[in-house]
Amino acid sequence: MGDTMPAGGPTQDEIMAVSLFKMGITANDTVLDLGCGTGKVSIAAAGRAKKVYAIDRRPEAIAYATKAAAGAGVKNIEFFCGEAADFLVSAPVVDCAFVGGSQQIETILPVLATKVRRVIVVNVVLLSTLTVVTATMQSLGIFREALHVQVSRSHALGKSVMFKPIDPVYIIVGAGAACS
């Protein structure tokens, strides 16, 4: 356990770059990563932030992410295995949040909004989830914008080069509503 990459794979570099930019993480920030999966976003955020809380419901994901963070020499991430909704009950107020999983998103977002000071970034691939997240954020009065990001990477094809598309991702950005 810890060597097998969890289902879903890591967030693509280009998608992570846009997501991290939208979060605007600073050196004094605390960051929440819900649905941390491989830990890739947590590790990248930890390089910019004071502290990262990384949560995933899958023990194999936490094992993989913990090992990846140790391998990267990152020491400012606290990993938690469990449901995001359960973690949020006693979670500290944070500056930014990244949501990479969509389980129970309509019940998590209202609570998350009260735990985040500045910005919430949610990555989704399904149109139905995009609709739910956008509508939920709008009803909470925290919706800022939604982005459709489509990236293609070059690959050799014979003596030439072609582009292969990466699956498109929707990045939804909301304002945090927590009082400082």
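What comes next concerns the included structure.

About the cut-offs
Residues numbered from 1 in each chain as written. Predicted model: local features only at pLDDT ≥ 70, side-chain atom pairs only at ≥ 80, totals over all residues. Heavy atoms only, no water. Salt bridge = Lys/Arg side-chain N within 4 Å of Asp/Glu carboxyl O. Helix = DSSP H or I, 4+ residues; strand = E, 2+ residues; numbered from the N terminus. Buried < 20%, exposed > 50% of the residue type's maximum accessible area, 1.4 Å probe, protein only. Disulfide = S-S within 2.5 Å. Core = buried A, V, L, I, M, F, W, Y, C linked by side-chain atoms within 4.5 Å. Contact = heavy atoms within 4.5 Å. Pairing = 2+ DSSP bridges. Axes fitted to C-alpha atoms, helices over the stretch in contact; angles between N-to-C directions.

### Some remarks on the pattern of salt bridges
If charged atoms from side chains of opposite charge come close, those side chains can pair.
Moving on, step 1. If you walk through the whole model with that rule in mind, you get 8 salt bridges.
Moving on, step 2. Between R57 and E83 there is a salt bridge whose closest N-O contact spans 3.0 Å. Taken as a pair, R57 in the loop between β2 (51-56) and α3 (59-71) and E83 in the loop between β3 (77-81) and α4 (84-90) lie far apart in primary sequence, 26 residues in all.
Moving on, step 3. Assessed through its relative accessible area of 26%, E83 is described here as partly exposed.
Moving on, step 4. A salt bridge links D95 to R117; the shortest N-O distance between them is 3.1 Å. Here R117 lies in strand β5 (residues 116-124) and D95 lies in strand β4 (residues 94-99), a separation of 22 residues in the sequence.

### Notes on the state of the cysteines
Moving on, step 1. Scanning the model with the defined rule gives 0 disulfides in all.
Moving on, step 2. The thiol of C36 is unpaired, and the distance to the nearest cysteine sulfur, on C81, comes to 8.9 Å.

### Regarding the environment of A135
Moving on, step 1. Within the secondary structure, A135 is located in helix α6 (residues 127-140).
Moving on, step 2. On the basis of relative accessibility, which here comes to 40%, the residue A135 falls in the partly exposed class.
Moving on, step 3. With 29 residues separating them along the chain, A135 and E106 place their C-alpha atoms 9.2 Å apart.

### With respect to the nonpolar core
Moving on, step 1. Within the largest apolar cluster, 29 residues are counted, with the highest numbers of intra-cluster contacts made by M23, I25, V31, I77 and F79.
Moving on, step 2. I77 has contacts with S42, I43, A46, V52, A54 and A69, leaving out every residue within four places of it along the chain.

### Remarks on the pairing of β4
Moving on, step 1. The buried count for β4 comes to 6 of 6 residues, which makes it a mostly enclosed element.
Moving on, step 2. The pairing of strand β1 (residues 30-34) with β4 spans 4 bridges and is parallel. Each bridged residue has a counterpart across the sheet, and for L34 the counterpart in β4 is V99.
Moving on, step 3. Sheet topology note: the β4/β5 ladder contains 5 bridges and is parallel.

### Structural notes on the sheet that holds β3
Moving on, step 1. Judged by pairing direction, the sheet is mixed, and its 7 strands sit side by side in the order β3-β2-β1-β4-β5-β9-β6 without closing on themselves. Each having just a single partner strand, β3 and β6 (143-149) make up the two edges of the open sheet. Averaged over all neighbouring strand pairs, the angle between strand axes comes to 15 degrees, with direction disregarded.
Moving on, step 2. The pairing of β5 with strand β9 (residues 169-175) spans 6 bridges and is antiparallel. From the neighbouring strand, V119 faces β9, where its bridge partner is A175.
Moving on, step 3. Of the strands in this sheet, β1, β4, β5, β6 and β9 touch helix α1 (residues 13-23), which is tilted by about 160 degrees from β5.
Moving on, step 4. Sheet strands touched by α3: β2 and β3. Its angle to β3, the strand with the most contacts, is close to 165 degrees.

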